[in-house]
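Remarks on the overall topology
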Amino acid sequence: MKKMISSVAAAVLMLSLFVPSMAAIETDQATELELSQSVFSMTEVRTVELSADLGEGVDLQNLEFQFGGKPLSEWQTWTSGTNYDGAPFITVIEGPALVEGTTEIAATLEFGLPYGTGDLSNRTIRTQYQQFIGDYELAMIDSESGAKAAATVEWNVYDEFKVYDELKPAIDEIFEAAEEDGDNDRYLEYQKVGETSQGRDIHFVILARDEEAVDTYLHETLPTALEDPASLIEKLEDGSMEDYQVPIWFNNIHPDEVEGVDVQVELLEKFALEEEIIFNNTEGTTEISETLNVDDVLDDAIFLYMFTSNPDGRAANTRANGEGFDLNRDNAYQTQLETQQVNEVVSQWTPLSFIDFHGYVDGFLIEPATPPHNPNFEYDLLIGNMMEQAHALGNAGIANSDLTSYFIAKEGYESGWDDMTPAYTAMYGMLHGALSHTIEVPTLSQDSYNALVGSGLGAAKYVHDNKDDLYKEQLEIFKRGVNGEDNRAVDEHLVNAAGESIGRIRDGNENFFPDYYVIPADSKTQKNVLEAYKMAEYLIRNGVEVEKTTKPTAIDGITYPKGTFIVPMHQAKRGLANAMLYEGDDVSDWDAMYDPIVVNFSDLRGFDLVEVREEGLFDGKTKEVSEVVIPTSDIQGNPPKQILENSTNDAVRVVNALLAEGKTVEVLTESIGRAEAGDYVVATNDLRPYADDYYFEAQSFGNDKNAAVEVLEQPSVAATGSAQLNFSLRQLGFELVEPENADVIVSDASAFDAQQVSGKTYVGIGTPALKAVSDSGLLPGFAFSNTGARHEGLVKATVAENLLIAGYEQQENLYVTTGSWISSVPESAAVLASFQDSDDFYIAGWWPEHEKARGQTMAFTADSGETTYTLFANDLAFRAHTEHSYRLLANSIYDAVRVEVPVETSKAKKP
């Protein structure tokens, strides 16, 4: 702790030393200092010639130079941590000297590299450099007379860098310049496409030849492409397609990979204001000059600029958003506001070319990615053009910078940079049929900025030169979807770790894709109606067609009522739908994967889903759904009490809201009639105000036999560990406190304070927490094992009868993301769940040696000393996507605050 305090104090001290005060840049009382340049960079060494006339009789020995009100000697290079105690990096390299025959004094200063390097990508440096960006006073002072010559200069990380608050003014300036140019009739449109969790605007700009081009694409070309792609393919082949444009989308999602934001401002400025853009390119080993006629390019392309989908991260200079989530892992899950809003816009536009600007890796890296590839891509149609576009990006990037080479991940790595998960931005774009690239620069520097500008121009030229061929391939993707075609040409690209083609895993079916997905929407056929509606809402938001039945329909002996959601899989975006709804793949044979791959909304969000393989089953029985409205809750009659079923996360939110209001909430401790142990009992009048805002299932608490209950007290909960755990608990309505003030500590972290958990309940999740408890020695008889902290999998689990796992079925599919299992439990422990002891217990994911977990304990609860330990090997809050497991969190927390009522009042009535 002392070290932390001293580091913070050091940072504050350095800030006070380096960041200029307002007084430091006031120059009204000084003679003007003439400068050869007034903009300085933290990533490039620059010299400045300066001169001023301080009058007669100046002794050159008494001259001092200051920057930001401090002598140059105090501007020392960074050495480590928050320490700036190296050699001075601003130095006088010539002079000061009198200009012959005058009283003017001249000198040359060198502004060096404050971090000793032109690459500021080091994460420690990245958290600090922005504090020094700003305007400073550069001064020459006669220390004897006090005479002073000064000028205001700018110091930036590189010349074009802009903090978040400078983005919109920069965009507005380009719009104003275009409007002032009487000859410029290009179409520019600014849209605020959403707000972040902290309330910042998400900026988006459309640039096109004219408004008609935008309207034609959105309202004619794109709808036809998605509904009847074959007709457009025919027009392309016979030359009758005539005038049309395709979208090129520029993107940034990690705003501390800073060039990707600023580059888009320059690309917008060039294409909005210039008649011709001249840039360098590479042809073979020869560097050539290219000229883009902008009007000609706009005859072919519409430019879309998503400057950053993470404004909160730009403001804070962090990779994560304001909730602490990496949005480049949320494009499939869409638990965060930003990805929900931005990906809805992506879906509306369905771009042809998608360029996502990133950094920083060892080398100038451009995708396509390594295998294993997601089987929901029409990979054979994408890969050829993506490889060509990758070379176009790389060639222009190195030609316009001092970078000397680039490499394509698919060719540069054997594994470990895969495109298996659609959680990444570029992979999400591929599911829309886009030629999508993550492009990674090697350094945070002016040079990388220049390379990305070149890559953006290279992308535009590639689409301009090849528009018809590229669009035809995208239309072929849509055509396969509309026709329900499972083309075997994809199979050769889908390989195992040995490099053998395994193709799409069809499990004996002729077609990898089903004909329909059925999502039941009523409580008789759906275990979680709330999540069913949310899934339909998600699919529509992402451009997937969803229908509802207009009459009851029987499937395998079960009749599903009118209003059941149907996802017809003969549609253009069927790959996107399937990527979210199918079971998933087991890729455990690979020795490296970049990130978790399981998406499977049905199991991870916890709703019933039926796969149907009967073409035409729903013909004439459905209507399309354009909007989903979550149903309200139904409270029948006016009995004194209601059973609030422990079946949705909204039920937990209501319980927490009632407890916060001081209302009484009871928990059934036994199952009786239609009521299940773990359901809640609340007063009808207390529950009724929540019926319109939350979806829950309730039934009258009748007047027959008695049922045992316990009363809930409002829990005080602390979350220690990940931002995702904190977020998930807040989603459920728990108000979080500091650990010392908590009844319950929930943790997915390795930090463990034995004294802090004494007298409390400790809920530990995943390998770090399991190891912390094991290392403490406070829970005799407990042991765990794991294969690797990044191993993950969807598994079949056997669930015990226990209030801590109330609301779940005897067999559940649960998610593990730290490759762990519990190998031994204390004698007094109650096992809550186990990995199923069957050959097929492992469903999907990347977990080498997962067979070691077969039949092992997954979760248990036990008392030891003054602490209750409830430990889970499975993940309950992974990236806020495992919402089906949220009620395990709630049950474990409420277990700590259930209070027995006196015998004479402990019986309530059976329904």
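Computed from a predicted model, the values in this text were never measured in an experiment. (Residues numbered from 1 in each chain as written. Predicted model: local features only at pLDDT ≥ 70, side-chain atom pairs only at ≥ 80, totals over all residues. Heavy atoms only, no water.)

1. Let's talk about the side chain of Ser 728
Structurally, the position occupied by Ser 728 is in helix H19 (residues 723-731). With relative accessibility at 0%, the residue Ser 728 sits in the buried group. Within the structure, Ser 728 has its side chain in polar contact with the backbone oxygen of Gln 724 (distance 2.9 Å). Those residues in contact with Ser 728, other than ones at most four positions away along the chain, are Ala 877, Ala 880 and Tyr 886. (Helix = DSSP H or I, 4+ residues; strand = E, 2+ residues; numbered from the N terminus. Buried < 20%, exposed > 50% of the residue type's maximum accessible area, 1.4 Å probe, protein only. Polar contact = N/O pair within 3.5 Å; in protein donor to acceptor, adjacent residues only side chain to side chain. Contact = heavy atoms within 4.5 Å.)

2. Re the pairing of strand S14 (residues 276-283)
Bridge count for S14 against strand S15 (residues 286-293) is eight bridges, and the pairing is antiparallel. When the bridges of S15 are listed, Asn 280 appears paired with Ser 289. Between the antiparallel neighbours S14 and S15 lie two residues, among them Gly 284 with a positive phi of about 65 degrees. (Pairing = 2+ DSSP bridges.)

3. Quick word on the environment of Gly 68
The topology assignment puts Gly 68 in the loop between strand S5 (63-67) and strand S6 (70-71). In this structure Gly 68 comes out as buried when scored by relative accessible area, which is 8%. Along the sequence, Gly 68 and Glu 137 sit 69 residues apart, while their C-alpha atoms lie 5.0 Å from each other.

4. Structural notes on the sheet that holds strand S2 (residues 34-35)
The four strands are arranged S2-S4-S8-S7 in an open sheet whose pairing can be described as antiparallel. The sheet terminates laterally at S2 and strand S7 (90-98), the two strands that pair on one side only. Across two bridges, the pairing between S2 and strand S4 (residues 46-53) is antiparallel. In the sheet register, Glu 34 faces S4, and the bridge partner there is Ser 51.

5. A short note on the confidence of the model for the protein
A residue-level look at the protein finds 95% of positions with pLDDT of 70 or above and a mean pLDDT of 94. Ignoring residues within four places in sequence, the model shows residues 1-28, a span with pLDDT below 50, making 36 contacts including any to other chains. (pLDDT = per-residue confidence, 0-100.)

6. Brief notes about the packing of aromatic side chains
Under the definition given, this model contains 50 aromatic pairs. Look at Phe 250 and Phe 357: their rings are 6.0 Å apart centre to centre, the planes differ by 15 degrees, and that puts the pair in the stacked class. Remark: Phe 357 occurs in strand S17 (residues 353-359) and Phe 250 occurs in strand S13 (residues 246-251); sequence separation between them is 107 residues. Where Phe 271 meets Phe 303, the ring centres are 4.2 Å apart and the plane angle is 25 degrees; that geometry is what we call stacked. Here Phe 271 is found in helix H6 (residues 259-273), whereas its partner Phe 303 is found in strand S16 (residues 301-306), with 32 residues between them in sequence. On the accessibility criterion, Phe 303 (0% relative accessible area) is buried. A connected cluster of aromatic rings, assembled from ring pairs, spans Phe 40, Phe 67, Trp 75, Trp 78, Tyr 84, Phe 89, Phe 111, Tyr 115, Phe 132, Tyr 136 and Trp 155. (Phe/Tyr/Trp six-rings, centres within 6.5 Å; stacked < 30°, edge-to-face > 60°.)

7. Side note on the pattern of salt bridges
If you walk through the whole model with that rule in mind, you get 47 salt bridges. The partner of Arg 200 in a salt bridge is Asp 312, and the shortest N-O contact between them spans 2.9 Å. Linking Arg 200 in the loop between strand S11 (187-195) and strand S12 (201-208) with Asp 312 in helix H8 (residues 311-316), this pair joins segments that are 112 residues apart in sequence. For Arg 200, a relative accessible area of 26% puts it in the partly exposed group. (Salt bridge = Lys/Arg side-chain N within 4 Å of Asp/Glu carboxyl O.)

8. Focus on the sheet that holds strand S28 (residues 610-612)
Strand order in this open sheet of five strands is S28-S23-S27-S24-S29, and the pairing throughout is antiparallel. In the strand order of this sheet, the two ends are held by S28 and strand S29 (622-625), each with one partner. Across this sheet, the average inter-strand angle for adjacent strands is 30 degrees, counted without regard to direction. Both strand S24 (residues 546-549) and strand S27 (residues 565-568) contribute to a ladder of two bridges, which runs antiparallel. Bridging across to S27, Lys 548 finds its partner in Phe 565. (Axes fitted to C-alpha atoms, helices over the stretch in contact; angles between N-to-C directions.)

9. Details of the packing of helix H10 (residues 379-399) against helix H13 (residues 446-483)
For the pair H10 and H13, the least separation of the axes is 7 Å and the interaxial angle reads 170 degrees. By the angle class used here, H10 and H13 are roughly antiparallel. Of the residues in H13, those in contact with Asp 380, Leu 381, Leu 382, Asn 385, Glu 388, Gln 389, Ala 392, Leu 393, Ala 396 and Gly 397 of H10 are Ala 451, Gly 454, Ser 455, Gly 458, Ala 459, Tyr 462, Val 463, Leu 470, Glu 473, Glu 476, Ile 477 and Arg 480. Across the contact of H10 with H13, the residue classes break down as eleven nonpolar, six polar and five charged. (Parallel < 35°, antiparallel > 145°, perpendicular 65-115°, else oblique. Nonpolar A, V, L, I, M, F, W, Y, C, P; charged D, E, K, R; others polar.)

10. Observations regarding H13
Across its 38 residues, H13 extends only 48 Å between first and last C-alpha, which sits more than 12% below the 56 Å expected from 1.5 Å per residue. Its maximal kink placed at Asn 466, H13 deviates by approximately 85 degrees. For H13, a buried count of 27 out of 38 residues is recorded, marking the element as mostly surrounded by other parts of the structure. Backbone geometry just downstream of H13 places Gly 484 in the positive-phi region, at approximately 65 degrees. (Expected span 1.5 Å × (residues − 1). Bend = angle between axes of the 7 residues up to and from the residue.)

11. Some words on a negative patch on the surface
Among the surface-exposed residues, Glu 173, Glu 176, Glu 179, Glu 180 and Glu 269 lie close enough to one another that they form a single negatively charged patch. Here the negative patch takes four residues from helix H3 (residues 164-180), the largest share from any one element. With respect to the secondary-structure elements, Glu 269 resides in helix H6. (Patch = residues over 30% accessible without salt bridge, like charges linked within 9 Å, V, L, I, M, F, W, Y side chains within 5 Å. Areas by Shrake-Rupley, 256 points an atom, 1.4 Å probe, with all protein chains shown as cover. Lys, Arg positive; Asp, Glu negative; His and termini not counted. Charge placed at Lys NZ, Arg CZ, Asp CG, Glu CD.)

12. Brief notes about the environment of Gly 620
Here Gly 620 shows up in the loop between S28 and S29. The class for Gly 620 is exposed, based on a relative accessible area of 70%. Along the sequence, Gly 620 and Lys 551 sit 69 residues apart, while their C-alpha atoms lie 9.5 Å from each other. Excluding its chain neighbours within four sequence positions, the residues that come into contact with Gly 620 are Thr 550 and Lys 551.

13. Here's the deal with the nonpolar core
Judged by nonpolar contacts, the single largest core of 185 residues is most densely connected at Phe 67, Tyr 129, Trp 249, Phe 271, Phe 303, Tyr 305 and Trp 349. Broken down by element, the residue count for this core peaks at 14 residues, all from H13. Beyond its immediate chain neighbours, meaning those up to four positions away, Trp 349 contacts Phe 204, Ile 206, Val 214, Tyr 217, Leu 218, Leu 222, Pro 247, Trp 249, Ile 302 and Leu 304. In this structure, Tyr 680, Tyr 690, Ala 859 and Val 897 belong to the second largest nonpolar core, which totals 58 residues. (Core = buried A, V, L, I, M, F, W, Y, C linked by side-chain atoms within 4.5 Å.)

14. Some details on the pairing of S11
As judged from the seven bridges shared by S11 and S12, these two strands associate in the antiparallel manner. Counted as the bridge partner of Tyr 187 is Ala 208 from S12. What sits between the antiparallel neighbours S11 and S12 is a turn of five residues, in which Gly 199 has the positive phi angle 90 degrees.

15. Quick notes on the side chain of His 254
In this structure, His 254 sits in the loop between S13 and H6. By relative accessible area, which is 1% here, His 254 ends up buried.

16. Description of helix H4 (residues 211-227)
End to end, H4 covers 23 Å across 17 residues, agreeing with the expected 24 Å (1.5 Å per residue, within 8%). At Tyr 217, H4 is bent by approximately 45 degrees, the largest bend along its length. Looking only at H4, the buried set comprises Ala 213, Val 214, Tyr 217, Thr 221, Leu 222, Ala 225 and Leu 226.

17. What to know about unusual backbone geometry
One can expect most non-glycine residues to show negative phi and most peptide bonds to be in trans. For the bond running from Gly 359 to Tyr 360, omega is 10 degrees, close enough to zero to count as cis. Looking at the secondary structure, you find Tyr 360 in the loop between S17 and strand S18 (365-366). For the bond from Pro 371 to Pro 372, the omega torsion is 0 degrees, close enough to zero to count as cis. Tracing the backbone shows Pro 372 in strand S19 (residues 370-373). Despite not being glycine, Arg 879 shows a phi value in the positive range, around 50 degrees.

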